[in-house]
Amino acid sequence: MPEQAGATTEYAETEAQSPETRFRLDPRVESELARLRPLGAPELQRLLEAEEGRPETRKMPETLVCMARERFGSGDDDVAWMIASELIDRNAATIFRNVRCWHLPPQHEEDCIRDIQMEALQSIRSREQNAEFWTVRFGLCLKRLTLNVIDRYAHIAAVERASDRDEAHDSSRLESIEPPAGAERLNAQERAEAREALALLAPDQRMAFVLYHYEQWDQREIAERLGKTDRTVRNLLRSAEETLESWRAGNAPARD
Amino acid sequence: MEQAMDMSREKDALFAEWCEDRESKAPRPLASWIALYPAHAADLMAWASAAPIIDAAAGASVDPPDLERTLRSGRRVVAEARAVHAAPLAGLIAAAKARGWSAETLARRVGVGTSVMVKLDRRLIRFDTLPGRLFRAVGEALEVADEAVRAYLQRPPTLSPAASYKADRAPRVTSQQSFADAVRACGEMDAEQKQSWLRRE
C-alpha cells in the first residue's frame, strides 16, 4: 500500500513495551497514592479544592482512579464519590470538545455527553480486570470510550441526515453516480481544512474518504478492505466530496 | 471469559501504542499497522477515520455556558449513580439482573458454580465460613462495596421465592451449610476452581 503523504519510510521507533510494562502503575501514581492513602475525607477534600485552578499541583487522574476504587472497596463511599465526581468534573471540557466537533443535533449531543460521563463513571468505579487500564492511562481510556460512544451517535445522526436528504432528493441518485477512478487527492492544507467537516459524513463515506485522502490508499484497496465494490467506493468518495464542497461553500447542515 | 479479557487488554495496549505513534514525528501509515495487527484491522480503520476529527477538536475553545452545561450533566450522573449505590443490596441475583445478567453470568464472573451463587443469594451458607476474597469477587462483579456484600450475606437466610407454604406462620430456614461444603457439593465447578476456593486465605 502507498505510503502516507508527507511521511518518510523511516518510522519512529516507538519503544516496544510488553503488556506487563504497559499495565504497570506509573511510579508517580504509586508515590501519590502512598501520600493520599492515610488522608480522611476532610483532608482529601481540602487538598482537591486547593488544587483547583493550579493544574501543576494536580494529582494524576490515574491516582484518583486508584483512590476512588480503593475507597469504594473499603466502603468509604463519601470519599470515593467525591473523587469520582472530581474526575468527571475535570474532564468536562475535554468531553464537550470531543463531542461538539461531531456536529450532532443538540439532543443527541446532550445524550452523548451524558452517556460518556455515565460510562466513564462506571469504569472509574469498576474493579474488574478489564478496567485496569484506567489506572494506567486514564486519558487514553477516556478517549477510546468517547470514540465508542460518539460512534453510536454518529451512526444515528448519519441515518437521520440520509433520510432528510432522501426527502429532498431522488434517493436513487447515488446509484447513478459514476465518477472517474483515481480522483485527485487533497493536499496537506486541504486535508487540514477538511478535518472539521469530516464529522458531517456518514461513517462509510468518512472511512473511504480518510483512507483515500489521508492514508493515500487507492480505491481498489479501500474496496477490498471495506468489502465493497470499486463502484461503491467511488460513489462514497464522490458523495463525501459533495458534502464537503457544500460545507466549504458555507452550506453545512445547520444544527437544528 | 479469559479470552475476552486478553482481547480487551490487547485492544487497550494497541490503542495506546497507536496514539503514541500518531504523536511521533514519523507515524507509521495505517497500512503498516494493519499488517502488524490484522486481527484489529476494523478497529484501526475506525480509529484512523475518527482521528482527524478528534485532532481538530483538540485546540477548540469551550464557551462557559457549554462547559457549565457539561459540568451540570456530570454532576447529575454522579448524583444518580450515588443514589442507586446507596440503596442496600436487595439480593445478589437481583443486583445481577438489574445489570442484565443471569445468575449463571454472575456465578461465572465470581468464579463459583450457579448452585453456590443461589445458596449465597438465599444466605444458605454460614457467614463465618465465607472467605474474604469472596466479598471482593462479588463486590467487583456487581460494582458495589465489599461491605455491602458482607452486610447482605450476614442477614438471615431466606426461603426460595418460588416455593409456597401451607403453615400459618412463615417457615424459617434452620440449617445452613459451610462455604467449603457448598463448594464441594457443587457439580458445576471443576476441581481446580474448587481447590482455589478451598485453600486457606
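Treat the numbers as computed from the prediction; the structure is a model and nothing was measured.

Next up on the list: the overall build of chain A. When you go through chain A residue by residue, the secondary structure sums to 13 helices and zero strands. Start at the N end of chain A and walk to the C end: the helices and strands fall as α-α-α-α-α-α-α-α-α-α-α-α-α. When each of the 256 residues of chain A is scored for burial, the buried share is 46%. Of the contacts made within chain A by residues no fewer than 6 positions apart, 73% connect residues no fewer than 24 positions apart.

To continue, consider the overall build of chain B. When helices and strands are counted, chain B shows 11 helices and zero strands. Overall, chain B shows an N-to-C arrangement of helices and strands of α-α-α-α-α-α-α-α-α-α-α. Here chain B, with 201 residues, has 45% of them falling under the buried criterion. The contacts in chain B between residues at least 6 apart in sequence include a share of 64% that link residues at least 24 apart. Carbon and sulfur atoms make up 51% of the accessible area of chain B, which amounts to about 10,800 Å² in all.

Our focus in this paragraph is the interface of chain A and chain B. Each partner contributes residues to the interface: chain A has 65 residues there, and chain B has 63 residues. For the pairing of chain A and chain B, the buried interface totals around 6,000 Å² over both sides, and the portion due to carbon and sulfur atoms is 60%. In this assembly, chain A and chain B are joined by eight salt bridges. Salt-bridge contacts for Arg-100 of chain A lead to Asp-66 of chain B; the nearest nitrogen and oxygen are separated by 3.9 Å. On the surface where chain A and chain B come into contact, there are 12 residue pairs in polar contact (both at pLDDT 80 or more). For the side of chain A that touches chain B, the elements supplying multiple residues, two or more each, are α1 (19-22), α4 (61-74), α5 (77-90), α6 (92-100), α7 (106-125), α8 (138-168), α11 (203-214) and α12 (219-226) of chain A. Considering each element in turn, the side of chain A that touches chain B owes the most residues, nine residues, to α7 of chain A. Its residues placed into classes, the side of chain A that touches chain B shows 28 nonpolar, 13 polar and 24 charged.

Our next topic: helix α4 (residues 64-86) of chain B. For α4 of chain B, with 23 residues, the first-to-last C-alpha span of 32 Å sits near the 33 Å given by 1.5 Å per residue. In this fold, the buried residues of α4 of chain B make contact with α4, α5, α6 and α7 of chain A.

Residues and elements named next belong to chain B. In the predicted model, chain B carries a mean pLDDT of 86, and the fraction of residues at 70 or more is 89%. Highest mean pLDDT in chain B belongs to helix α7 (residues 114-121) (95); lowest belongs to helix α1 (residues 2-22) (82). Scoring of the predicted complex yields 0.71 for pTM and 0.79 for ipTM.

This part is about the nonpolar core. Membership of the largest hydrophobic core comes to 94 residues, with the highest contact counts inside it found for Trp-102, Trp-134 and Phe-209 of chain A together with Trp-18 of chain B. Take this core: its biggest share by element is 11 residues, from α8 of chain A. Leaving out residues up to four positions away in the same chain, Phe-209 of chain A has contacts with Leu-186, Leu-198, Leu-201, Tyr-214, Leu-237, Ala-240, Glu-241 and Leu-244 of chain A. Trp-101, Val-116, Leu-120 and Val-144 of chain B belong to the second-largest nonpolar core, a separate cluster that totals 32 residues.

Now for unusual backbone geometry. All names here are of chain A. Here His-103, not a glycine, exhibits a phi torsion of approximately 50°, which is positive. Tracing the sequence through the fold places His-103 in the loop between α6 and α7. The class of His-103 is partly exposed, set by a relative accessible area of 24%. The phi torsion at Gln-216 lies on the positive side, around 60°, for a residue other than glycine. Relative to the assigned elements, Gln-216 resides in the loop between α11 and α12.

Turning our attention to the packing of helix α8 (residues 132-142) of chain B against helix α9 (residues 146-154) of chain B. All names here are of chain B. It is the contact of α8 with α9, at a shortest axis distance of 8 Å, that shows an interaxial angle of 115°. Overall, the two elements α8 and α9 adopt an arrangement that is roughly perpendicular. Relative to α9, the crossing made by α8 is right-handed. Residue-level inspection shows Phe-135, Arg-136, Val-138 and Gly-139 of α8 in contact with α9, the latter providing Asp-146, Val-149, Arg-150 and Leu-153. Of the residues that constitute the contact of α8 with α9, the class distribution is four nonpolar, one polar and three charged.

It is worth spelling out the packing of α5 of chain A against α7 of chain A at this point. All names here are of chain A. It is at 10 Å that the axes of α5 and α7 come closest, and there the two elements cross at 140°. As judged from the angle between their axes, α5 and α7 are oblique. Where α5 crosses over α7, the two elements pack in a sense that is right-handed. Between α5 and α7, the contacting residues are Trp-81, Ala-84, Leu-87 and Ile-88 on the first element and Gln-117, Ala-120, Leu-121, Ile-124 and Arg-125 on the second. Taken together, the residues of the contact of α5 with α7 sort by class into seven nonpolar, one polar and one charged.

Conventions and cut-offs
Residues numbered from 1 in each chain as written. Chains lettered and ligands numbered in written order. Predicted model: local features only at pLDDT ≥ 70, side-chain atom pairs only at ≥ 80, totals over all residues. Heavy atoms only, no water. Helix = DSSP H or I, 4+ residues; strand = E, 2+ residues; numbered from the N terminus. Buried < 20%, exposed > 50% of the residue type's maximum accessible area, 1.4 Å probe, protein only. Contact = heavy atoms within 4.5 Å. Areas by Shrake-Rupley, 256 points an atom, 1.4 Å probe, with all protein chains shown as cover. Buried area = accessible area lost by both parts, 1.4 Å probe. Salt bridge = Lys/Arg side-chain N within 4 Å of Asp/Glu carboxyl O. Polar contact = N/O pair within 3.5 Å; in protein donor to acceptor, adjacent residues only side chain to side chain. Nonpolar A, V, L, I, M, F, W, Y, C, P; charged D, E, K, R; others polar. Expected span 1.5 Å × (residues − 1). pLDDT = per-residue confidence, 0-100. Core = buried A, V, L, I, M, F, W, Y, C linked by side-chain atoms within 4.5 Å. Axes fitted to C-alpha atoms, helices over the stretch in contact; angles between N-to-C directions. Parallel < 35°, antiparallel > 145°, perpendicular 65-115°, else oblique. Left-handed = near helix turned anticlockwise from the far one by under 90°.

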